[in-house]
Amino acid sequence: MTSMTGVLAGAESMADRSYRILRDRLIMMDIAPGDPINEAQLAVDLDMGRTPIREALKRLEVDHLVVSYPRRGTFATGVDITELAAISEMRLVLEPLASRRAAEHRGGAYRGELERTMSAILSLDLTGDRRELMEYDLEVHRLIYRAAQNQHLEETLVRLDNLATRIWCMVLDRLPDLHVHISEHATLIKLILDGDADGAEQLAAKHVIGFEKTIRSVL
């Protein structure tokens, strides 16, 4: 997975690092819904002071991944399946837009990373470890959002995709093979690299609709 973890800026702050690590632990259910967040233990685990942990938790609360209660502490938010329709409604508008913009730029500054990602997906064992496939799904989406070159669009879609992925993780053991969903990413990236804005937009919409149908089929 080293090719998919992304290149972190050398100047990444401790708060940014703790945010990134905690965000992904929450998304992938390493921190389960409803679990208390132990700042002291996290500071030990991440080898940093509690101040950056607290800064990260404030950002994660805005992302609806944690919730704080006076005198009770901070907890991982629950996963509400009923939110799927609202999340999908937003993604169905914004995901195609991001893919269109990325295609109009032919990947822009992220073209090389998109090419490497497409090659990595094509060489994946799509019947292999489901967690690895989920991590690829997250990273591909984030890369396309960056390639759209619209910070506000990117930030909104990252938050929505994080919430959608948590729902996916809740039913992961009941889902059919993920190979179709994951392999679509390689096709989408190819459309973006080719500058096919219409094709990328249409496939992104199909991808969101397919995701929701797959989740609902196992509920």
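Below, the structure is looked at part by part. Because the structure is a prediction, the values reported are computed rather than measured.

Rules behind the numbers
- Residues numbered from 1 in each chain as written.
- Predicted model: local features only at pLDDT ≥ 70, side-chain atom pairs only at ≥ 80, totals over all residues.
- Heavy atoms only, no water.
- Helix = DSSP H or I, 4+ residues; strand = E, 2+ residues; numbered from the N terminus.
- Expected span 1.5 Å × (residues − 1).
- Buried < 20%, exposed > 50% of the residue type's maximum accessible area, 1.4 Å probe, protein only.
- Contact = heavy atoms within 4.5 Å.
- Core = buried A, V, L, I, M, F, W, Y, C linked by side-chain atoms within 4.5 Å.
- Salt bridge = Lys/Arg side-chain N within 4 Å of Asp/Glu carboxyl O.
- Pairing = 2+ DSSP bridges.
- Polar contact = N/O pair within 3.5 Å; in protein donor to acceptor, adjacent residues only side chain to side chain.

Quick notes on helix 6 (residues 130-147)
Spanning 18 residues, helix 6 covers 26 Å between terminal C-alpha atoms, matching the ideal 26 Å at 1.5 Å per step. Within helix 6, 13 of the 18 residues are buried, leaving the element largely enclosed by the surrounding structure. Positive phi shows up at Q149, right after helix 6, with a value of about 60 degrees.

Description of helix 5 (residues 111-122)
Here helix 5 is twelve residues long and its end C-alpha atoms lie 17 Å apart, about the 16 Å a rise of 1.5 Å per residue gives. Contacts made by the buried residues of helix 5 are with helix 6 and helix 8 (179-193).

Regarding the nonpolar core
Counting residues in each nonpolar core, the largest one holds 66 residues, and the members touching the most others are L60, L114, W168, L175, I192 and I215. Apart from residues lying up to four places away in sequence, L114 is in contact with G107, L143, I144, A147, I189, I192 and L193.

Looking at unusual backbone geometry
Positive phi is not limited to glycine here, since M29 has a value of about 70 degrees. A positive phi angle, close to 65 degrees, is found at H64, a residue other than glycine. By secondary structure assignment, the location of H64 is in the loop between helix 3 (50-62) and strand 1 (66-69). Among the residues examined, H64 registers a relative accessible area of 55% and is labelled exposed.

Focus: the pattern of salt bridges
The full count for this structure, using the stated rule, is 18 salt bridges. In this structure, R131 engages E135 in a salt bridge whose closest nitrogen and oxygen atoms are separated by 3.1 Å. Of this pair, R131 and E135 both sit in helix 6, separated by four residues, roughly a single helical turn. Among the residues examined, R131 registers a relative accessible area of 33% and is labelled partly exposed. Relative accessible area serves as the criterion here: at 23%, E135 is assigned to the partly exposed category. If you follow the salt bridges from partner to partner, you end up with R100, R101, E104, D198 and E201 in one network.

Looking at the pairing of strand 2 (residues 73-76)
When strand 1 meets strand 2, the two strands line up antiparallel, connected through four bridges. Along strand 2, the bridge assignment pairs V66 with A76. Counting the residues between successive antiparallel strands, the hairpin from strand 1 to strand 2 contains three residues, one of them, R71, with a positive phi of roughly 65 degrees.

Notes on the side chain of T74
With respect to the element layout, T74 can be found in strand 2. For T74, the side chain forms a polar contact with the side chain of S68, separated by 2.9 Å. Leaving out residues up to four positions away in the same chain, T74 has contacts with D35, P36, I37, V66, V67 and S68.

Quick look at the environment of A120
Structurally, A120 can be placed in helix 5. The exposure class of A120 is buried, given its relative accessible area of 13%. Through-space distance from the C-alpha of A120 to that of A186 is 8.9 Å; in sequence the pair is 66 residues apart.

The analysis is restricted to geometry; functional conclusions fall outside its scope.
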